[in-house]
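An overview of the molecular structure
If you want the building blocks of each chain, they are given just below.
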Amino acid sequence: MPATATSPWYKHLWPWIIIAILTTSVCLSLTMVSIAVRNPDNLVNDNYYEAGKGINRSLDRELLAQTLNLKARVYLDELTGEVELRLTGNSDPQTLELNLISPTQPNKDRKVTLARSEPGRYVGQLDDKVEGRRFVELLGSQDGHVWRLFEEEKVEHGLTLELGDEALQGAERHQ
């Protein structure tokens, strides 16, 4: 006659190990769902058509900057927070807008309005230190049309950033 288990299931170790594994996976799954609901991904754009139209408008602005032969050198002073920009080319607006855009953290984006202090030289003020990889966007206008210099740069204080020195990506397909 074969031996049978005389004790109930809950007095054995293995059922409790299996229950613990299942309970842990359910708890971790619920935790991940609650984190995902509380912190939505703000980098995803649901309106792809509008984003595509914006890319074309952006290329038009960058082509205008290329036509005007614009180049800029940006210097960020770490001690004073001063931003000095030297603009060369066929445009000399009263003010420029410099955007330092973080690729992953919108709360670290910075916008600086630069005022012309003399022809080709613009100055502005940063409130805090900006370092790391950024998309650097410079906006200005010429004859009622907005132009844009846009490049990805590693921003460090004491380092001069060169804008307009790289070939314009995507313009050959747009023309």
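Since this is a predicted model, take the numbers as computed values, not measurements.

Analysis parameters
- Residues numbered from 1 in each chain as written.
- Predicted model: local features only at pLDDT ≥ 70, side-chain atom pairs only at ≥ 80, totals over all residues.
- Heavy atoms only, no water.
- UniProt positions renumbered as here; feature names shortened; annotations may be inferred.
- Helix = DSSP H or I, 4+ residues; strand = E, 2+ residues; numbered from the N terminus.
- Buried < 20%, exposed > 50% of the residue type's maximum accessible area, 1.4 Å probe, protein only.
- Core = buried A, V, L, I, M, F, W, Y, C linked by side-chain atoms within 4.5 Å.
- Pairing = 2+ DSSP bridges.
- Axes fitted to C-alpha atoms, helices over the stretch in contact; angles between N-to-C directions.

Under the UniProt annotation, "transmembrane region" (unreviewed entry) lies at residues 13-37. Split by type, residues 13-37 is 100% helix and 0% strand. Its first and last C-alpha atoms lie 37 Å apart.

Our focus in this paragraph is the environment of Asp-127. Within the secondary structure, Asp-127 sits in the loop between strand S5 (121-125) and strand S6 (132-142). Among the residues examined, Asp-127 registers a relative accessible area of 80% and is labelled exposed. Remark: the alpha-carbon pair of Asp-127 and Gly-81, spanning 46 residues in sequence, is separated by 6.5 Å.

What follows is about the nonpolar core. One finds Leu-85, Leu-87, Leu-98, Leu-114, Leu-138 and Trp-147 to be the most contacted residues of the largest nonpolar core, which totals 24 residues. Listing elements by their share of this core, those giving two or more residues are strand S1 (71-76), strand S2 (82-88), strand S3 (95-101), strand S4 (110-118), S6, strand S7 (145-155) and strand S8 (160-163).

Now for the sheet that holds S2. With antiparallel pairing, the eight strands of this open sheet are ordered in space as S7-S6-S3-S4-S5-S2-S1-S8. The two strands at the open ends of the sheet, each matched to only one other strand, are S7 and S8. The mean angle between the axes of side-by-side strands here comes to 25 degrees, regardless of whether they run parallel or antiparallel.

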